[in-house]
Amino acid sequence: MGLPSTKRAPASMLAYTLLSLIAIICTHDHPRYFTASALSSHGPTIPNVGTGNHQFLSRRDALIGAVSTAAINSLALIPSAEAAPLEAESVDLAAFNAARTSGSSSGGATSAATPSMPNILGNSDKSKRKLRRAIAPSVDPSPLLSLRGGKGGKSANLIPRVGYSLYKTLPEQVGRCTSLALRCGVRHFDVATLYGSNAEVRKPLQFYLDNGFAGLTKKGYYAEEKAELLEIFDSISLSGEEHAVQTVGVKSKAVGPLIDGSAGRRARRDQLFVSHKLSNEEQSTDILSVKRRIKADIAELGVGYLDLVSIHSPLTDKARRMASYEALLELRDSGFVRSVGVCNYGLGPLKEIEDMVGDDVENHPAMNQLELSPFNQHSDVVKYCDENGIAIGCAAWSKLSGADGPSEGWAVVADLAKARGCTKAQLLVRWSMQKGYVCVPRSGCASKIERVAIAENSYGGVSSFTLSEEEMKVLDGLDVGYKAGKLGRRDGWSDDDVVGPEWDPTEFV
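A brief report on the enclosed structure follows. (Residues numbered from 1 in each chain as written. Predicted model: local features only at pLDDT ≥ 70, side-chain atom pairs only at ≥ 80, totals over all residues. Heavy atoms only, no water.)

## Describing helix α18 (residues 469-476)
Which entries qualify depends on this criterion: Each residue is placed in one exposure class: buried if its accessible area under a 1.4 Å probe, protein chains only, is under 20% of its type's maximum, exposed if it is over 50%, and partly exposed if it falls in between. Secondary structure is summarised from DSSP: a helix means a run of H or I of at least four residues, a strand means a run of E of at least two, and numbering begins at the N terminus for each. The arc refers to the directions leading from the helix axis to the C-beta atoms. We call two residues in contact when some of their heavy atoms are within 4.5 Å.
If you check which residues of α18 are buried, you get Glu471, Met472 and Leu475. All buried residues of α18 project into a common sector of 100° when viewed along the axis, lining one side. In α18, the exposed positions angled more than 90 degrees off the buried face are occupied by Glu469, Glu470 and Lys473. Looking at the buried side of α18, the elements it contacts are α15 (407-420) and α16 (424-434).

Shown next as structure tokens:
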């Protein structure tokens, strides 16, 4: 019952007042978002901002893969998921509150009711969307790549182009490796059930998410490191950030450093990208079993949701592959997972998915991670993925420098690296970036050389040089179809699966 002496305000005035209050709350409570007008005061002017609408550009959105200011402007004019209710004439408070609490320190999964980001992956014509390029070669690509993700695969999910893989990292080294990777600017971590390190990865990630680098320092993660080594890591991290904002034409102040402490947790989680892989043993025709397994992984990692979950290999059978993939799509649509991918998939299992989803191209995998290098470029698989909007990820290349590596081709890589003044691993990371791929190099931390390699192979570590067109042609000319059976890696399979030197998981189906 209203007060008898007071006239009720018109509904439109109440709606306007509520919208204004929400805009103020979003702007002040969420430091990871900047209004377009705030950005224009620090960087390039963003036209057509409009009046009466608060439009948001997140730090990650500001670094999305487009070099031109115009492309950044177009992103700035797309409200984030949390800002979506501001566009409406009236506000759905339930949806708004769900959006505000998603990704919070409680660790819960994003609510299915969270308003999703508008589809920026293509226009409404399915045939044209199918030809959207997820693989765009560039001399100096941006640090982030847009993957299909969100409910129905209709939203953008931004993945750091260079990450860090926990493949073969010893359990006792996981914490130190992860904290050092964070220190040099890495925000993309590649984990898997088969790596057996999720519980160890959780610890540094939690300290970082809760209190930033202050939390890691307080827990002693950098106590063993010499000051000069930490200076190298800090310098490389800063170099990567500066190059990133130069690449996309936005000043660093507009996407400035995060604050330490609990107040910056949501922003830190927003920048973090955790990619997980479902093992062959976990694949099942029981969809509920697969979903329970992934939810258990989310709980073990303590990150609230997973940015990407992939089927680790196709080495099971069609029934399990299809049911497991369907389970991952359901987890994506309910908010537990942002994007769904596959690993080591050749044309056979990829076309199985195409047959299952039909014209619904948004349900194609967001990414296909392969054992891919200049020596085995999987041209047919890459071509198919490019035509179907599937990004390509490169796994670690540790064995390429071993006794089983292609000696002649490796000598060419060594000569190019020496001429460039970089390491062979840096050259391969740079090659994969310029090809338009995502890459996840790895290194241990037992020696100083290994620890430095973590920084050298990060985005900041490879942003100081580019490969010329001629150098790229030389590397592209090294393709000899060097199979996984020769490399000796066991990333998604075991010794029992490998039937000879010419065996490769992409040819399993």
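## With respect to the nonpolar core
Under the convention used in this document: Note on terminology: a nonpolar core comprises buried Ala, Val, Leu, Ile, Met, Phe, Trp, Tyr and Cys residues joined through side-chain atoms within 4.5 Å.
With 87 residues, the main nonpolar core has Phe189 and Ile294 as its most contacted residues. For this core, the element with the highest residue contribution is helix α12 (residues 318-333), accounting for 6 residues. Setting aside residues up to four positions removed in sequence, Ile294 forms contacts with His276, Leu278, Leu306, Val309, Leu328, Leu331 and Val337. In terms of nonpolar packing, the next biggest core, distinct from the first, is built from 10 residues, Leu145, Phe273, Ala391 and Val438 among them.

## Overview of the packing of aromatic side chains
Stated precisely, the cut-off is as follows: Two rings from Phe, Tyr or Trp (for Trp, the six-membered ring) form a pair when their centres sit within 6.5 Å of each other. Planes less than 30 degrees apart are called stacked, planes more than 60 degrees apart edge-to-face, and all others tilted.
Taken as a whole and assessed by the stated rule, the structure comprises 7 aromatic pairs. Here the aromatic rings of Trp493 and Trp503 are separated by 5.4 Å at their centres, their planes lie at 65°, and the arrangement is edge-to-face. You can see Trp493 sitting in the segment after α19 (484-487) and its partner Trp503 sitting in the segment after α19, a full 10 residues away along the chain. Residue Trp493 shares its accessibility class with Trp503, and that shared class is buried.

## Observations regarding the sheet that holds strand β5 (residues 164-165)
Just so we agree on the cut-off: Note: two strands are recorded as paired if DSSP finds a minimum of 2 bridges between them. The angle between two axes is taken between their N-to-C directions and runs from 0 to 180 degrees, where each axis is a line fitted to C-alpha atoms and a helix contributes only its stretch in contact.
If you walk across this open sheet you meet the 8 strands as β5-β6-β7-β8-β9-β10-β11-β12, and the pairing is parallel. Edge positions in the sheet fall to β5 and β12 (438-439), since each has one partner strand and no second. Bridge analysis of strand β7 (residues 273-278) against strand β8 (residues 306-311) gives 4 bridges, and the strand direction is parallel. Note on β8: the bridge partner recorded for Ser275 is Leu308. Each of β7, β8 and β9 (337-343) is contacted by helix α11 (residues 287-301), which is oriented at about 140° to β7, the strand it contacts most.

## Observations regarding unusual backbone geometry
Most peptide bonds are trans, and most residues other than glycine sit at a negative phi. Residues other than glycine seldom take positive phi values, yet Lys168 does so here, at roughly 65°. Mapped onto the elements, Lys168 comes out in the loop between β5 and α7 (171-183). The phi angle at Asn344 is positive, at roughly 60°, despite the residue not being glycine. Along the chain, Asn344 falls in the loop between β9 and α13 (347-357). Judged by its relative accessible area of 6%, Asn344 is buried.

## Topic: the packing of α12 against α13
Quick note on the threshold: Note on angle classes: values under 35 degrees are labelled roughly parallel, values over 145 roughly antiparallel, values of 65 to 115 roughly perpendicular, and the remainder oblique. Crossing handedness: left-handed means the near helix sits turned counterclockwise from the far one by under a right angle, and right-handed means the same turn made clockwise.
In contact at an axis separation of 11 Å, α12 and α13 are set at 60° when each is read in the N-to-C sense. With respect to α13, the axis of α12 lies oblique. The handedness of the crossing between α12 and α13 comes out as right-handed. Residue-level contacts link Lys318, Arg321, Met322, Tyr325 and Leu329 of α12 to Pro349, Glu352, Ile353 and Met356 of α13.

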